[in-house]
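# Residue-level structural notes
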Amino acid sequence: MKRLFGLFLIAIVFVGAVLYFTSTPERTTTQPKNGMEKELLETAEKTFRFFEDYTDSETGLTMDRVDFEQDETKAEHTSPTNIAMYMLGMVSGVELGFISKKDAEQKLEKTLRTLNEMETWNGLYYNWYYTQDGTQKKDWGQFISSVDNGWLTAGLMVTGQHFEGLKDLTDPLVDQMDYSTVYDPSVGHLHGGYDKEQESLTPHHYGMLYTEPRVASYLAIGKGDVPEEHWWKLYRTFPPEFDWQSQTPSGTMKDYYGINVYQGVYEYDGIKYVPSWGGSMFEALMPSLVMKENELGVNALGLNNLHHVQGQIRYAEENELDAWGFSPAAIRNNYGEFGAPVLGTEGYEDKSTVTPHASFLALEHAPEEVYDNLKKLQDMGVYGEDYGYYDTVHLQTGEVAHTYLSLDQGMILAAITNYLKKGVIRDYFHQDPIGERPEHLLEVEDFGIRD
């Protein structure tokens, strides 16, 4: 009897071992279905390589940018958004099979332990830190940005959901990030940030819904740091009497949970939309890397995202530009604001400057148009052999900025991952209770832009 019991135990161990070693491996490679997916996967792998090569091996902090105009020039500082992009990049790398989950988790643990030691204000992070030791880069001031912290919180949420072994590190960092300290209840908006040197909040607020800071607004509500009414206090368009805006909106007042909202709408060449501030692609679409706007906001943010993609394409056609994709990016060792001005309340100029990350953000809305546009950019010399697409090209002069920004690399990599893996980054964000709680805000609204 004892012998039979012993054999039974051996059998259980053997079966367990077989199941362990034949279960889904840590590293699996995504299999492309067609030529476009194959090229996207190749681009993603090169883009991922940037994060592997330019992230400090001790601190886990990624460099802000690297220039290759002549010699390699490294910007060895980082920001909360850059750190978030590295986190999304590691999740993407696992999802697409470029790195094992175990190796990615070990890399991110270094980042999280560094974050835990970095200087903060009410749990919110300063704009700039040195990558080699995580100390503040104080010669650029001591500013705490609401929008940049929003991206870091989002990155921590996605990381904690994907790498469950890291939740003990991610959750406390998220919990301590107190957005109530940058909220102005008198107007219902977030301040742009806080200047530690001046010991004052910025006089300006993030008052428009359809801009990049809506990620911070959404998760601040999800955390319970700010009231839900904040979402409805944000402008869709400014009222018609604000005659400085790029066009006079049409619209009506609507009631959402007892708050009257002016549901203003712009129109361009038959396309109805709620404008961003500058008409840039990342204001419009970067938040949808993590927020389920496309899935839940079918009459509001999701539909608006589609219309902004259509608007950018139409704008390029009507202005006889050879490519589209207007969004803030690097040029001549600087950073410029570019957009399709007609899509913005104020509107950035396009300046004939196109950036590849804008195309990738549009992948889920217009894949064929994106693919064609990327082919044009390749012909213009915008594709690098080592790390994927360079940052910008000037359509009139053909000048290419041979620069890689970790911000843009992160957007490209996450966008490809969402496209190939059916919104997986957003799934992780919304698995967190912070991402799940405010979902009704996305679902209930109707912008009044459906044809």
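Residues numbered from 1 in each chain as written. Predicted model: local features only at pLDDT ≥ 70, side-chain atom pairs only at ≥ 80, totals over all residues. Heavy atoms only, no water.

## Some points on the overall build of the chain
Counted only if it meets this: Put simply, DSSP H or I for four residues or longer makes a helix, DSSP E for two residues or longer makes a strand, and each gets a number counted from the N terminus. Restricting the calculation to C-alpha atoms gives the radius of gyration, and the globule rule supplies 2.2 Å times the number of residues raised to the power 0.38. Relative accessibility decides the category of a residue: with a 1.4 Å probe and only protein chains considered, values under 20% of the type maximum give buried, values over 50% give exposed, and everything between is partly exposed. Contact between two residues is taken to exist if any of their heavy atoms lie within 4.5 Å; hydrogens are not considered. Working definition of accessibility: Shrake-Rupley area with a 1.4 Å probe, residue cover restricted to the visible protein chains.
Helix and strand counts for the chain stand at 17 helices and 23 strands. The C-alpha radius of gyration computed for the chain amounts to 23 Å, which stays within 12% of the reference 22 Å derived for 451 residues, consistent with globular compactness. Overall, the chain is about 90 × 50 × 50 Å in size when its C-alpha atoms are taken along their principal axes. The buried share among the 451 residues of the chain stands at 59%. By sequence separation, contacts in the chain at least 24 residues apart represent 70% of the contacts at least 6 residues apart. Entry remark: accessible area of the chain is about 18800 Å², with carbon and sulfur atoms responsible for 47%.

## Looking at the sheet that holds strand β10 (residues 193-195)
Basically, it comes down to this: Any two strands are treated as partners once DSSP identifies two or more bridges connecting them. Each axis is a line fitted through C-alpha atoms, taken for helices only over the stretch in contact, and angles between the N-to-C directions span 0 to 180 degrees.
Here three strands make up an open sheet; going across it, the order is β7-β10-β11 and the pairing antiparallel. The two strands at the open ends of the sheet, each matched to only one other strand, are β7 (143-145) and β11 (200-201). Packing against the sheet, helix α5 (residues 146-162) makes contact with β7 and β10, and its axis sits at approximately 60 degrees to β7.

## As for the sheet that holds strand β1 (residues 65-67)
The three strands are arranged β2-β1-β23 in an open sheet whose pairing can be described as antiparallel. Each edge of the sheet is formed by a strand with only one pairing partner; in this case those strands are β2 (73-75) and β23 (403-405). Strand-to-strand twist in this sheet, taken as the mean axis angle between neighbours without regard to direction, amounts to 10 degrees. Direction of pairing for β1 relative to β2: antiparallel, over a ladder of three bridges. From the neighbouring strand, Asp67 faces β2, where its bridge partner is Thr73.

## Some thoughts on the layout of surface pockets
The probe, sized like a water molecule, is rolled over the atoms to show the empty space still left. Put simply, the rule is: In this analysis a 1.4 Å probe is tested at points of a 1 Å grid over the protein atoms alone, and where it fits but cannot get out there is a cavity; an open set with protein on both sides within 12 Å along at least five of seven lines is a pocket; lining residues have an atom within 4 Å of a point. Grid points are joined across faces, edges and corners, and a volume is the space filled by probe spheres set on the points. Think of it as three bins: nonpolar holds Ala, Val, Leu, Ile, Met, Phe, Trp, Tyr, Cys and Pro, charged holds Asp, Glu, Lys and Arg, and polar takes everything else, Gly as well.
Considered as a void within the structure, the largest pocket measures approximately 840 Å³ in volume. Surrounding the largest pocket, 30 residues form its lining, Val147, Asp148, Glu212, Phe282 and Tyr335 being those nearest its centre. Looking at the lining of the largest pocket, the elements that each hand over two or more residues are α3 (80-96), β7, α5, β12 (205-206) and α9 (281-285). Taken together, the residues that form the lining of the largest pocket break down as 13 nonpolar, 11 polar and six charged.

## So, the nonpolar core
The line we're drawing: In this description, a nonpolar core means a group of buried Ala, Val, Leu, Ile, Met, Phe, Trp, Tyr and Cys residues linked to one another through side-chain atoms lying within 4.5 Å.
Among the nonpolar cores identified, the biggest contains 129 residues, and Met85, Leu115, Trp151, Leu156, Trp231, Val290 and Phe360 are the most heavily contacted of them. Broken down by element, the residue count for this core peaks at 10 residues, all from α3. The contacts of Trp151, once residues within four sequence positions are left out, are Thr81, Ala84, Met85, Glu212, Val215, Met286, Pro287 and Val290.

## Points about helix α4 (residues 101-117)
Applicable threshold: A helix is expected to span 1.5 Å multiplied by its residue count minus one. The reported arc concerns the directions from the helix axis to the C-beta atoms and nothing else.
With 17 residues, α4 should reach 24 Å at 1.5 Å per residue; the first-to-last C-alpha distance of 24 Å fits that figure. Within the sequence span of α4, burial applies to Ala104, Leu108, Thr111, Leu112, Thr114 and Leu115. The arc enclosing the buried residues of α4, seen along the axis, measures out at 160 degrees, which places them on a common side. When the buried face of α4 is taken as reference, the exposed residues oriented beyond 90 degrees from it are Asn116 and Glu117.

## Digging into unusual backbone geometry
One non-glycine residue, Tyr257, adopts positive backbone phi at about 55 degrees. Among the secondary structure elements, Tyr257 is positioned in the loop between β13 (250-256) and β14 (259-268). With phi around 50 degrees, Asp269 is a residue other than glycine that occupies positive phi space. Mapping Asp269 onto the fold places it in the loop between β14 and β15 (271-273).

## A few points about the confidence of the model for the chain
To keep it simple, the criterion reads: Confidence of the predictor in every single residue is expressed as pLDDT, which spans 0 to 100.
A residue-level look at the chain finds 93% of positions with pLDDT of 70 or above and a mean pLDDT of 93. Segment residues 1-25: pLDDT under 50, and zero contacts once partners within four positions in sequence are set aside and those in other chains are kept.

## Thoughts on helix α15 (residues 424-431)
Because each turn of an α-helix spans 3.6 residues, side chains separated by three or four positions in sequence point in the same direction. Most of α15 is tucked away, with six of its eight residues classed as buried. When we look at burial in α15, the residues that qualify are Val424, Ile425, Arg426, Tyr428, Phe429 and His430.

## Description of the packing of α3 against α4
What counts here: Every angle not falling under 35 degrees, over 145, or within 65 to 115 is termed oblique; those three ranges are roughly parallel, roughly antiparallel and roughly perpendicular. If you view the pair so one helix is near and one far, a crossing is left-handed when the near helix is turned anticlockwise from the far one by less than a right angle, and right-handed when it is turned clockwise.
It is the contact of α3 with α4, at a shortest axis distance of 9 Å, that shows an interaxial angle of 165 degrees. When the axes of α3 and α4 are compared, the pair comes out roughly antiparallel. As for how α3 packs across α4, the hand of that crossing is left-handed. Listed contacts from α4 to Ile83, Tyr86, Met87, Met90 and Val94 of α3 are Lys101, Ala104, Lys107, Leu108, Thr111, Leu112 and Leu115. Of the residues contributing to the contact of α3 with α4, the split by class is nine nonpolar, one polar and two charged.

## A few points about the packing of helix α2 (residues 35-53) against α3
When two helices pack together, you describe them by how their axes are tilted relative to each other and by the distance separating the axes. Orientation of α2 relative to α3, taken along the N-to-C sense of each, is 135 degrees, at an axis distance of 10 Å. Between α2 and α3, the interaxial angle falls into the category oblique. Handedness of the crossing formed by α2 with α3: left-handed. Contacts from Leu41, Ala44, Phe48 and Phe51 of α2 reach α3 at Met85, Tyr86, Gly89, Met90, Gly93 and Leu96. Residue composition of the contact of α2 with α3, by class: eight nonpolar, two polar and no charged.

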